[in-house]
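# Structural overview for review
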Amino acid sequence: MTAALRFDPIRLPEKCEQLRKEVRAFLAEEIAAGTFDPHKPNREDTDAPEFSRRVGAKGWLGMTWPKKYGGQERSFLERYVVTEEMRVANAPTRRFFVADRQSGPVLIKYAPEHIKMDILPRICRGEICFAIGMSEPNSGSDLFAAKTRATKTDGGYLINGTKIWTSSAHIADYMIAIFRTSQPTKENRRHGLTQFLVKMKQPGIQVNPIGQITGQYEFNEVVFTDFFVPDDHVLGEVDGAWKQATSELAYERSGPERFLETYYVLTELVRAVGPNPDTRSAEGIGRLVAQLHTMRRMSVSVAGMLQAGKEPVVEASIVKDIGTVWEQQLPHRVRDLAAFVEETATNRETLERQLDFAIKTAPKLTIQGGTTEVLRGIIARGLGLR
Amino acid sequence: MAESDNIVVETAEKIFADLADPQTINNDKKDSWQAPLWHALSEAGLPLSWVPDDLGGSGASLADGFALLNAAGRFAVAVPLAETMLAGWLLAQAGISSPEGEMTVLPASPKDRITLDADGALSGRARGVPFAKAAKHFAVLAHGKDGVSIALVDASKGRIESGLNVGYDHSDTVTLDKVQPVTVKPAKGFDQTTLMLMGGVARSLQIAGALEAMLDISVRYSNERVAFEKKISKFQAVQHNLARLAGESAAALAAATSAADAIANAKSFDDEVYLEAASAKIRCAEAAEKGGAIAHQVHGAIGFTSEHILHRFSLRALAWRDDFGSESHWAVELGKLVANRGADELWPLVASR
């Protein structure tokens, strides 16, 4: 057999269920206190600094990290439970999500000790927000075409250029970005990019908002003009960022956030059809639930592999491919099924408002964090086709 | 691919490789491979994997038996292995010993019903019964006035209208008209839905296995076939199709092995197991359609010929969708269950797995 895809039936350990109860109780309290409305994913301001601190105080940020950095040394499967419960509740996770999922682990692997000691505990306390600086005006999926330069100077680097589509840059305290430190070589076009830690909110960095079709404000253009980054903010090997990027993608791509982004419309549809659905609604809901359950089982399986120290890059790409296509189609399938819902359904207005937003959100889901085309390229490589 | 890490699967894979090589049996127009294959499987005790030692079987675990069915799917085995395993398992639920030889189960559809009358005779019609014509015995789930009973029936006592499914395997209509069973025993706490879920998971594992094989032969073919002066595997359109096939294969495998694991560790067939088993059948059936179409697309005309082995997998995977409740049936039932539990109970159900 050519391919070696494995999706073993990993189960969340018993201790996760106690944690799940705690997370649900916490979220219920937050909802009751008016921090957020789980039925309103389309709020304009998704930044919630106080909520972020309270999540940190619970010990649910950086929960897999070493204790000396403020972490809890808990498992990826426990983190998985926290992530999925937050997502399903539509909790405002924007401020801490990127730092917790991606930036923290990168720092743990590549940052000097004094920086880890400074920054990681603050992530764990929910105090700081991270952004990721990858795309540029002429470099999106083709990451290695990045042109923003980091020029060596005394004690550090001077940054000049522009990052774009940078989510949360307007609220972020830090960014982890890739900049060009050398030209690519003939043998290796991926050579010459270096990963940096950038302290935001300083002169030399200008953040310009970009409007989105949902009406929300999430992403930005970030312009660097002779912005100084000290030597100890280089993360990993100079010119060798390409070696560092790939294995972390499995974390970024296989989580529950990759199929639950529009989940709320399914819940609302079930509410609208009531306890005795007609055959059409029942079949539609049954299929969607079967597909959802399957994706979650695949996603948990990848989490289990990560916990076991494996690098399931292809499996993770499959989860994101199938998951994002599903969450993209979900609002449209729900709209189909809702077409004959009784006018008198009490939540009809909520469902329509949610569909309006989910349909506008849908196009981005197969683009952000690795497009469908890029993912299928990775899967094809894994199959031995490239 | 699931590597064989248990002795049952290792034994089966060796037998399949020796006696059920897809190309060899596809060339054999007289089906003369069937008898030696069945003999070898029987010698190894595989058809009665799920029957305890004291009831005449080999007493393998549910988990090992499920893994065996997945392997059988990878070879698209066209002998009543899954059917005999299910029949033996069903009989064991009522403590009935399994006889030697091929068996199948009645009914094989949630819509059909066999009744047990006061004289202990069985009546009713079961459609789409896989391999009924090849079976020496039927394991029958019957409804009587005291509830569900399980019976062992001599196959020659039933009237069989022969038919073929989409995959050219026997799928027959069996009519029982006041047939006296060899043995009949009450099966307290057992019901037809449980049998259908179990059969559905067996079929899901077979479909997942067939998809793994389709992915494998499609990838291999794309790396051999040259068009427009290069291997077709180098065309991005072909690569992306195969990536989607890998996704469908992976989804089927994940859904089926998860459901098998759920049943193997379940104390009862509760809502959680229902979600797992119904979802597996629904998702695997969808994958059979989508994945099979891609496998054929990659192969072009050659895959449409009877000489090529692809149809052994693609058509069987499609045919297996129909057994023990189609995906439409299970989707309606799962949808009703979800609606009945209520909107706010959906996520807790999904998250419980």
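Residues numbered from 1 in each chain as written. Chains lettered and ligands numbered in written order. Predicted model: local features only at pLDDT ≥ 70, side-chain atom pairs only at ≥ 80, totals over all residues.

Chain A is annotated in an unreviewed UniProt entry as Acyl-CoA dehydrogenase from Bradyrhizobium japonicum. UniProt lists a comment for chain A under the heading Cofactor (unreviewed entry), and it reads "FAD". (UniProt positions renumbered as here; feature names shortened; annotations may be inferred.)

Along its length, chain B carries 11 helices and 10 strands. Per-residue burial for chain B yields a buried fraction of 56% across its 353 residues. Pairs at least 24 apart in sequence give 72% of the contacts found in chain B among residues at least 6 apart. (Helix = DSSP H or I, 4+ residues; strand = E, 2+ residues; numbered from the N terminus. Buried ≥ 20, exposed ≤ 12 C-beta atoms within 10 Å, placed from the backbone. Contact = placed C-beta atoms within 7 Å.)

Bringing the packing of helix α9 (residues 313-338) of chain A against helix α11 (residues 372-382) of chain A into the picture now. Residue and element names in this part refer to chain A. Contact pair α9 / α11: the axes reach a minimum separation of 9 Å and the direction vectors enclose 145°. In this structure, the crossing between α9 and α11 has a hand that is left-handed. For the pair α9 and α11, contact is made by V313, V314, S317, I318, K320, D321, T324 and V325 and by T372, L375, R376, I378, I379 and G382, respectively. For the contact of α9 with α11, the residue count by class is 7 nonpolar, 4 polar and 3 charged. (Axes fitted to C-alpha atoms, helices over the stretch in contact; angles between N-to-C directions. Left-handed = near helix turned anticlockwise from the far one by under 90°. Nonpolar A, V, L, I, M, F, W, Y, C, P; charged D, E, K, R; others polar.)

What follows is about helix α3 (residues 34-43) of chain B. All names here are of chain B. Burial in α3 covers these residues: L37, W38 and L41. An end-on view of α3 places all buried positions within 95° of arc, on one side of the element. Residues A35, H39 and E43 are exposed on α3 and point more than 90 degrees away from its buried face. Against the buried residues of α3 lie α1 (7-19) and α5 (81-93). A positive phi of about 75° marks G45, the residue just after α3. (Arc of directions from axis to C-beta.)

Opposite the 47 residues of chain B that make contact, chain A presents 47 residues. Counting residues per element, the ones that place at least two in the side of chain B that touches chain A are α6 (192-222), α7 (236-264), α8 (271-299), α10 (327-341) and α11 (346-351) of chain B. A class-by-class count of the residues in the side of chain B that touches chain A yields 26 nonpolar, 13 polar and 8 charged.

Attention now moves to helix α9 (residues 310-320) of chain B. Counted residue by residue, α9 of chain B has 10 buried out of 11 residues, so it is predominantly covered. In the core, the buried residues of α9 of chain B are packed alongside α2 (22-27), α6 and α8 of chain B.

Ranked by size, the top nonpolar core spans 242 residues in total, and within it M175 and L269 of chain A together with V140, V201 and A256 of chain B carry the most contacts. Broken down by element, the residue count for this core peaks at 17 residues, all from α6 of chain B. Excluding residues that lie within four positions of it along the chain, V140 of chain B makes contacts with L106, I114, L122, I150, A151, V153 and P181 of chain B. (Core = buried A, V, L, I, M, F, W, Y, C linked by C-beta atoms within 7 Å.)

It is worth spelling out the domain arrangement of chain A at this point. Residues and elements named next belong to chain A. Along its sequence, chain A is organised into domain 1 (12-127), domain 2 (130-239) and domain 3 (253-381). Between domain 1 and domain 3, the C-alpha centre-to-centre distance is 22 Å. Every contact between the two is made by 14 residues of domain 1 and, on the other side, 14 residues of domain 3. The leading source of residues in the side of domain 1 that touches domain 3 is helix α3 (residues 76-88), at 7 residues. The class makeup of the residues in the side of domain 1 that touches domain 3 is 6 nonpolar, 5 polar and 3 charged. (Domains from an automatic or database assignment.)

In this section: the UniProt feature "domain: Acyl-CoA oxidase/dehydrogenase middle" (unreviewed entry) in chain A. The UniProt record annotates "domain: Acyl-CoA oxidase/dehydrogenase middle" (unreviewed entry) at residues 131-226 of chain A. From the first C-alpha to the last, residues 131-226 of chain A spans 20 Å; its make-up is 0% helix and 49% strand.

A separate point is unusual backbone geometry. Cis geometry is adopted by the peptide bond preceding P107 of chain B, which originates at L106 of chain B and carries an omega value of -15°. Mapped onto the secondary structure, P107 of chain B falls in the loop between β1 (103-106) and β2 (114-116). The phi dihedral of N90 of chain A is positive, around 60°, even though this residue is not glycine. For N90 of chain A, a count of 23 C-beta atoms within 10 Å gives the class buried. Non-glycine residue D239 of chain A carries a positive phi angle of around 75°. Examined against the element boundaries, D239 of chain A turns out to sit in the loop between β8 (234-235) and α6 (241-253). Residue classification places D239 of chain A among the partly exposed residues on the basis of 18 C-beta atoms within 10 Å.

Residue and element names in this part refer to chain B. In this fold, R74 is placed in helix α4 (residues 62-74). Taking the C-beta count within 10 Å as the criterion, R74 has 26 such neighbours and is therefore assigned buried. For the pair R74 and Q192, spaced 118 residues apart in sequence, the C-alpha separation works out to 28 Å. Excluding residues within four positions of it along the chain, R74 makes contact with G209, E212 and A213.

Time to look at the pairing of β1 of chain B. Residue and element names in this part refer to chain B. Along β1, one buried face is formed by M103 and V105 and the opposite face, lined by T104 and L106, is buried too. Pairing between β1 and strand β4 (residues 137-144): 4 bridges, direction parallel. Counted as the bridge partner of T104 is F138 from β4. (Pairing = 2+ DSSP bridges.)

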